[in-house]
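Survey of secondary and tertiary structure
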Amino acid sequence: MTGLTQAEAAQRAGLLLVDSYQVFLDLTGDGESVRSRTEIRFSCREPGAASFADLDAIAVHEVTLNGVPVDPGLIDRGRLPLHDLGASNSLTVDATMALAGTGSGLTRYTDPADGAQYILANCFPTAAPRVFCCFDQPDLRAAITLIVTLPAGWTCVANGEVLHQPDDGAAGVWRFSTVGAMKPYEFTFCCGSFVSVPDAAAAPAAAAAAAPAGGGGAGDRAGDGAGDGSRRLDVHCRASLAGSPGLARIGAIVRAALDYYEDYLGVPRPYDKLDIVFAPELGPLAMQLPAVMYVSETLLQRAADPEDEHVAVVLAHEAAHLWFGCLVEGSWWDDLWLAEALASYLSYGAAAAVLGRPDAWADFGMTGEASAYQADSLPGTQPVSSPVDSAANALTRPAAITYSKGTAVLRQLAAVIGEEAMRAGLHDYLSRYGWATTSLSYLIECWSRACGRDLTDWADQWLLQAGVNALRPQITVGPDGVITSLAVVQDAPATAAPGAGAAGPLRAHQLTAGLYELDGPQLKCIRRVPVALAGEWTHVPELTGTRMPAAIILNDADQTFATISFDPASWTSLVACALDVGDPLAESVCWNAAWQLVTAAQLDAEEFAAIVARRMMPDHLAIGLEQLLDRAVTGADFYAPPEQRAAALQNLAGAALSGAECGMPGSRDQRILARGFATCADSSAQLDLLRFWLAGRSLPAGLELDLDLRFAILSGLAARDLLSDTDLAAYAAGDPVGGDSRLATLRARRPTAEAKEEAWAAALAPDQPQRLARAHAEGIWVPGQEKVLEGFRERYFTEALTALAGHDSRTAQRLARALYPAVLADDATIAATVDALARIREDDPVRIVLLEQGALLQRGIAARAR
């Protein structure tokens, strides 16, 4: 298909108003295709004008516009031309759609456990024309009705409520209620042999949110037409996973989040029912559509662990999309952040307030915010809100910017205007623009009204300009140990693109400076001073005449999005206590700053790993332990000189093993430390112990050999060619969800030419499902295997980049990143990257990947040479 451009979308939205779709689908065919019939009613503001509809079918049987046949042969690259439109129009299209296994459009899945069949319709972001004929853009919302014919024994979940279904599980027609004000890419259904977990907590709604049957302009109300006053929430999964222990948690987590949002936003839940479906072959981790939430089955496995905070945050994020995404969304893809950043911001608030995760914002600092700092410092970074030229590139902006930087920036806004104004602005926004599409300016106007000040300049600084500022203290201390001057210096962001010249903006920041003194083995905050920064240099007069404490930490409440550094005395104190500062938020700020030192070649990677190792004992555990272990391993693999890698890993492995053996039996921290040991194990004795663990022997007391630990053990052993095919087959048989993907990665990690060749071919195979292609690719480049991988460097820049041109933009970027020869950290890889950039088109989505990977590789080379 030809990607719809923003200019084309604006022209079509100015001309057309879509009233309704009736979508008829027959799923009882040959298993390779689906018959699709669509009846569209729409109006045209300029009778006699021409436009086009979107359709990506394998065969088109009949097209009728206002009773007049249209030649299907006129369809060109997914566009059905429509001429001589009337004021009111009726378009009917009968076509056959492909039923594939890609996770996009109509996807078929066969359960290997019992042979049961499942079909998922996933239209986001641009796949709706592969399911039904439509006008596929965000600002042409309409009512949609689904009628679908299913085989016997199947059930079906869709946006609407079931109005009719065959008796006793017979084959036949299912009809669903009309759902108003939907965007075409929100249309969905999932059918097959699902089992359901009903919501025991369903109760009459305090205030029903009824749906419009039609158009859906501002002020209309949309819902699913249930009309029974209930607010149902059900959970569904395929029959072979019905015994999953995590199922019992899901409904309670989502309901708690929904109740929190209704109270926080002062706006009722937009739909009377919500079906949560653990869908096979789902590409993203989760996605929220009107009245249906899809969740990856991998998250169902994680949900079995009640201490896994990630499950709660993901589910809360998706639940927030019922308001920000379904109820209100941006009119074009440049404002995708309006849905994603707001959903993330609310989800961490919900996690802290009602989901039992009081350190949720500190966890965000160690995960999302840390990824945003890296993404925003790389060449080619983009503003949170920036132009997207076509729908085909809708999801190519870095997620770390759209989601995580957007979330961090909203935290800064809350620090500036206050939490009550934040809430009031969001309530105003939802109340004014419910069931419509908006843009950045609409939301900024609402917050401006709520706080009584014009926030246009704030939005320009934080949302429309790229780059991360760096803050550093400038301290003068007298001979008596008293501070005579303390100022904060702000550095402009580095240029976002090579040769661009000018640096980014100096921003206004609202933050705190924390003063810390030694309290036993840790530092403790004794005073926190609010600081309002503006410009390059800001004096903090409140600290003049104060005795210099053991450490001063800028932004210790993590209110603003900026990297920080420390004065020498503070850094010495922080290293002495291994960054234990007694406060999770402040500690996450310190760890992020320490990692910045590593990537900037100012702190040895092995020294960073040693600091992390000191925080692995149960009475001294660091915040974000899992992320810290990942960073320490990344440091040893890519930032430490190769001759020091083994020592750094063995030190980490020893500390992780001790922590696991001394930790609370069966706790999540013990499992994290055990996986850390498996990841870092490098000496012969450590690898021998992994073999014992894999056989169920010599495990620390209370430690369960679960799937994640088994995979970590197998990954370490595979990289050293210490696994048999029997070991691999046993793992795959025990993992009903991700077994085939993880098996592909494990095989690719073996240090043999044959394993690499097989994985390389599989990753680039044109008919390979996306998740399996990535799984093969992610196992190829293993640090320490440079000799066997040397020949794949040239093949990446010739063979791989050519093959990726056949993929959609997002898939091409992901595979280009996974296949990049980052392990070969030398001038030859840099030169090959520069040469490829000189040849590649400016608008090629892979270009940004090459820019980023080249910059990261140069940082690693510089750190190794330090």
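Here we look at the sheet that holds strand 26 (residues 522–533)
- The strand order across the open sheet formed by 3 strands is 26-25-28, and the pairing between neighbours is antiparallel. With one partner strand each, in any of the chains shown, strand 26 and strand 28 (551–554) form the two edges of the open sheet. Strand-to-strand, the axes of this sheet are offset by a mean angle of 20°, without reference to chain direction.
- Taken together, the 4 bridges between strand 25 (residues 509–519) and strand 28 define a ladder with antiparallel strand orientation. Bridge pairing links Ala513 to Leu554 in strand 28.
- Each of strand 26 and strand 28 touches helix 11 (residues 568–576); the most contacted strand, strand 28, lies at about 100° to it.

Observations regarding the side chain of Ser296
- As for its placement among the helices and strands, Ser296 is situated in strand 20 (residues 292–296).
- Given a relative accessible area of 9%, Ser296 falls into the buried group.
- Only 2.7 Å separates the side chain of Ser296 from the side chain of Thr298, close enough to count as a polar contact.

Examining the pairing of strand 15 (residues 188–192)
- Of all 5 residues in strand 15, 5 are buried, a share of seventy percent or more.
- Neither face of strand 15 is left uncovered, since the one carrying Thr188, Cys190 and Gly192 and the one carrying Phe189 and Cys191 both have all their residues buried.
- Two strands pair when backbone bridges link them, and strand 9 (residues 117–122) and strand 15 are joined in this way by 5 bridges, in the antiparallel orientation. From the neighbouring strand, Asn122 faces strand 15, where its bridge partner is Thr188.

Some details on the packing of aromatic side chains
- Under the criterion given, the structure shown has 31 aromatic pairs.
- Ring centres 5.3 Å apart and planes at 35° place the aromatic pair Tyr348 and Trp361 in the tilted group. Of this pair, Tyr348 sits in helix 5 (residues 337–353) while Trp361 sits in helix 6 (residues 360–375), placing them 13 residues apart in sequence.
- Relative accessible area serves as the criterion here: at 12%, Tyr348 is assigned to the buried category.
- Arranged with centres 4.7 Å apart and planes meeting at 20°, the rings of Tyr373 and Phe561 form a pair that is stacked. In this pair, Tyr373 sits in helix 6 while Phe561 sits in the loop between strand 28 and strand 29 (562–564), placing the two residues 188 residues apart along the sequence.
- Judged by its relative accessible area of 5%, Tyr373 is buried.

Calculation notes
Residues numbered from 1 in each chain as written. Predicted model: local features only at pLDDT ≥ 70, side-chain atom pairs only at ≥ 80, totals over all residues. Heavy atoms only, no water. Pairing = 2+ DSSP bridges. Helix = DSSP H or I, 4+ residues; strand = E, 2+ residues; numbered from the N terminus. Axes fitted to C-alpha atoms, helices over the stretch in contact; angles between N-to-C directions. Contact = heavy atoms within 4.5 Å. Buried < 20%, exposed > 50% of the residue type's maximum accessible area, 1.4 Å probe, protein only. Polar contact = N/O pair within 3.5 Å; in protein donor to acceptor, adjacent residues only side chain to side chain. Phe/Tyr/Trp six-rings, centres within 6.5 Å; stacked < 30°, edge-to-face > 60°.

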